[in-house]
Amino acid sequence: SSGINAEWHYGRDDNLAYISTLHNPPYVATVFMRIVCELVSDIRHKRTADVLVKTNHDMWISARKSSGRLLFTLILQKNTSIITVVEELKRLSAQMFCRSYFTPV
């Protein structure tokens, strides 16, 4: 384990199935879902996408789209650098989603 608090929401366009580890207070969940909705709107028509956003509240939100699969990751870690976040996203993708056709970040 890397010591980073990362949670994720994975879904597919074709059948609307999803898996999620999100278990946050309502405020965090609200901010996360608002940004996810904006990101989905931005990447909806793209075949692949990789977006990373830092909020005013020290949350990092990643959106990855590949082959109809969507992965949104929430990292709640104060004062975390972008390099640490990208490394955690690589680790999470390799560990949890290596069979889901996500290409390395």
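Parameters at a glance
Residues numbered from 1 in each chain as written. Predicted model: local features only at pLDDT ≥ 70, side-chain atom pairs only at ≥ 80, totals over all residues. Heavy atoms only, no water. Pairing = 2+ DSSP bridges. Helix = DSSP H or I, 4+ residues; strand = E, 2+ residues; numbered from the N terminus. Expected span 1.5 Å × (residues − 1). Buried < 20%, exposed > 50% of the residue type's maximum accessible area, 1.4 Å probe, protein only. Arc of directions from axis to C-beta. Contact = heavy atoms within 4.5 Å.

A.B. asks: Sorry, what's going on with the pairing of strand β1 (residues 6-12) here?
C.D. replies: Both β1 and strand β5 (residues 69-76) contribute to a ladder of 7 bridges, which runs antiparallel. Bridge pairing in β5 links W8 to T73. Of the pairings in the sheet, the one linking β1 to strand β2 (residues 18-20) comprises 3 bridges and is antiparallel in character. The partner of H9 across the bridge, within β2, is S20. Counting the residues in the hairpin turn of β1 and β2 gives 5 residues, including L16, whose phi is positive at 60°.

A.B. asks: Looking at this structure, how should I read helix α1 (residues 26-43)?
C.D. replies: Within an α-helix, residues lying three or four positions from one another point in the same direction, as the helix has 3.6 residues per turn. Here α1 spans 25 Å end to end across 18 residues, near enough to the 26 Å set by a 1.5 Å rise per residue. Listed in full, the buried residues belonging to α1 are V28, V31, F32, I35, V36, L39 and I43. Projection of α1 onto a plane perpendicular to its axis shows the buried side chains occupying an angular sector of 130°, all on one side. Opposite the buried face of α1, at more than 90 degrees from it, the exposed residues are P26, T30 and C37. Buried residues belonging to α1 abut β3 (48-54), β4 (59-66) and β5.

A.B. asks: Got a minute to help me understand the environment of F72 in this structure?
C.D. replies: By secondary structure assignment, the location of F72 is in strand β5. Given the relative accessible area of 4%, F72 is considered buried. When the C-alpha atoms of F72 and G11 are compared, they prove to be 8.7 Å apart, with 61 residues separating the residues in sequence.

A.B. asks: I'm lost on the pairing of β5 in this one. Help?
C.D. replies: On a regular strand, one side chain projects to one face of the sheet and the next to the other, so that they alternate. Where burial is concerned, most of β5 is hidden: 7 out of the 8 residues are buried. Of the strand pairs in this sheet, β4 and β5 are connected by 8 bridges, and their pairing is antiparallel. Of the residues in β5, the one forming a bridge with S62 is T73. Linking two consecutive strands that pair antiparallel, namely β4 and β5, is a turn of 2 residues; a positive phi of about 50° is found at S67 within it.

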